Amino acid sequence: LARRARPFLHVIVGELERAGMPTELALLPEVESRYNPRAISPKSASGMWQFMPYTGTEMGLVQNGWYDGRNDILASTRGAIAYLKQLNEAFDGDWALALASYNAGPGRVRSAQRANKARGKPTDFWSLNLPTETELYVPKLLAIAALVENPARYGLRMPPVENRPTLELVEARGQIDLANAARHCGVPLTTLKTLNPGLKRGKTPQAGPHRLLVPLGTGHKLRKALAKAGKLAAPTVAGNSRPRRSDS
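Residues numbered from 1 in each chain as written. Predicted model: local features only at pLDDT ≥ 70, side-chain atom pairs only at ≥ 80, totals over all residues. Heavy atoms only, no water.

A. Structural view of unusual backbone geometry. The omega angle of the peptide bond from Gly208 to Pro209 is 5°, so this bond is cis rather than trans. Note on placement: Pro209 falls in the loop between α9 (189-195) and β3 (211-215). Despite not being glycine, Gln50 has its phi angle at roughly 55°, a positive value. (Helix = DSSP H or I, 4+ residues; strand = E, 2+ residues; numbered from the N terminus.)

This is the structure we're talking about:
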């Protein structure tokens, strides 16, 4: 888990903190995709947070021939946080029901609640008749959170994820070519493709957003090149989080 999460965890936790959301939710991509921003499910859910096309669109994640926001690490994280917040409010702050809805859809959870209510049964998550995947989904996240919180209790050794960013966000006012950006940053093109999997054509989309995640410490070279081309926008360091621990 540590190796899979390390490139992204600082960004995710930082976004959760800014939104005032529980930082334990940073572990949800392990359940969804094992932190794989290119993951695709048999049902066409895509990205680290496994957005279905319609839900992604509802959360503002653009999907077209140039770009899929569901695979964009930063955009999909912000979309997932917005969706989780929406679900949490819809279920009166009950995180178990909100998470079940993230997996099965709020309509399926509401239907299960209505069925229980008609039979005089409780309508909390643990009492509902839900798909097996959903019934296991919430306990799996709770189990991962417990392991990360206290690995020694379970006989595990987990390396800490350092409390520092590993990525920078470089923003521009015009289109950025990945190959040129990699050359200016001094990193392999494959690195930038890995960090920016939402880009389908090796460039930022014509209509934007014009931004790239790059390894920390390399962005100044790209910004210099963008400044010369008159394309530079304000630099940003991605993420701002507390130290976390995770499985290796």
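B. Broad picture of the pairing of strand β2 (residues 167-171). Burial within β2 is extensive, with four of its five residues counted as buried. Where β2 lies against β3, five bridges are found, and the strand directions are antiparallel. Across the sheet, the residue bridging to Glu171 is Arg211, located in β3. (Buried < 20%, exposed > 50% of the residue type's maximum accessible area, 1.4 Å probe, protein only. Pairing = 2+ DSSP bridges.)

C. Focus on the nonpolar core. With 65 residues, the main nonpolar core has Trp49 and Tyr102 as its most contacted residues. Broken down by element, the residue count for this core peaks at eight residues, all from helix α4 (residues 73-90). Beyond its immediate stretch of four places on either side in the chain, Trp49 contacts Ile12, Leu25, Leu28, Pro29, Glu32, Ser76, Thr77, Ala80, Leu84 and Tyr102. (Core = buried A, V, L, I, M, F, W, Y, C linked by side-chain atoms within 4.5 Å. Contact = heavy atoms within 4.5 Å.)

D. Here's a closer look at the environment of Val62. Position of Val62 among the secondary structure elements: in the loop between α3 (53-58) and α4. Note on Val62: relative accessible area 43%, which makes it partly exposed. In this structure the C-alpha to C-alpha distance between Val62 and Pro209, which are 147 residues apart in sequence, comes to 9.9 Å. What Val62 contacts, discounting residues up to four positions off in sequence, is Tyr67, Asp68 and Gly69.

E. Region of interest: the environment of Leu128. Turning to its location among the elements, Leu128 is positioned in the loop between α6 (106-118) and α7 (132-149). Through-space distance from the C-alpha of Leu128 to that of Val109 is 8.0 Å; in sequence the pair is 19 residues apart. Residues in contact with Leu128, not counting those within four places in the same chain, are Leu97, Val109, Ala112, Gln113, Asn116, Pro122, Thr123 and Glu135.

F. Representation of the side chain of Glu168 in the model. Along the chain, Glu168 falls in strand β2. Here the side chain of Glu168 touches Arg223 through a polar contact of 3.0 Å, side chain to side chain. (Polar contact = N/O pair within 3.5 Å; in protein donor to acceptor, adjacent residues only side chain to side chain.)

G. Looking closely at the side chain of Thr134. On the secondary structure map, Thr134 appears in helix α7. When its relative accessible area of 1% is taken as the criterion, Thr134 is described as buried. Contact partners of Thr134, with chain neighbours within four places excluded, come to Ala100, Asn103, Ala104 and Phe125.

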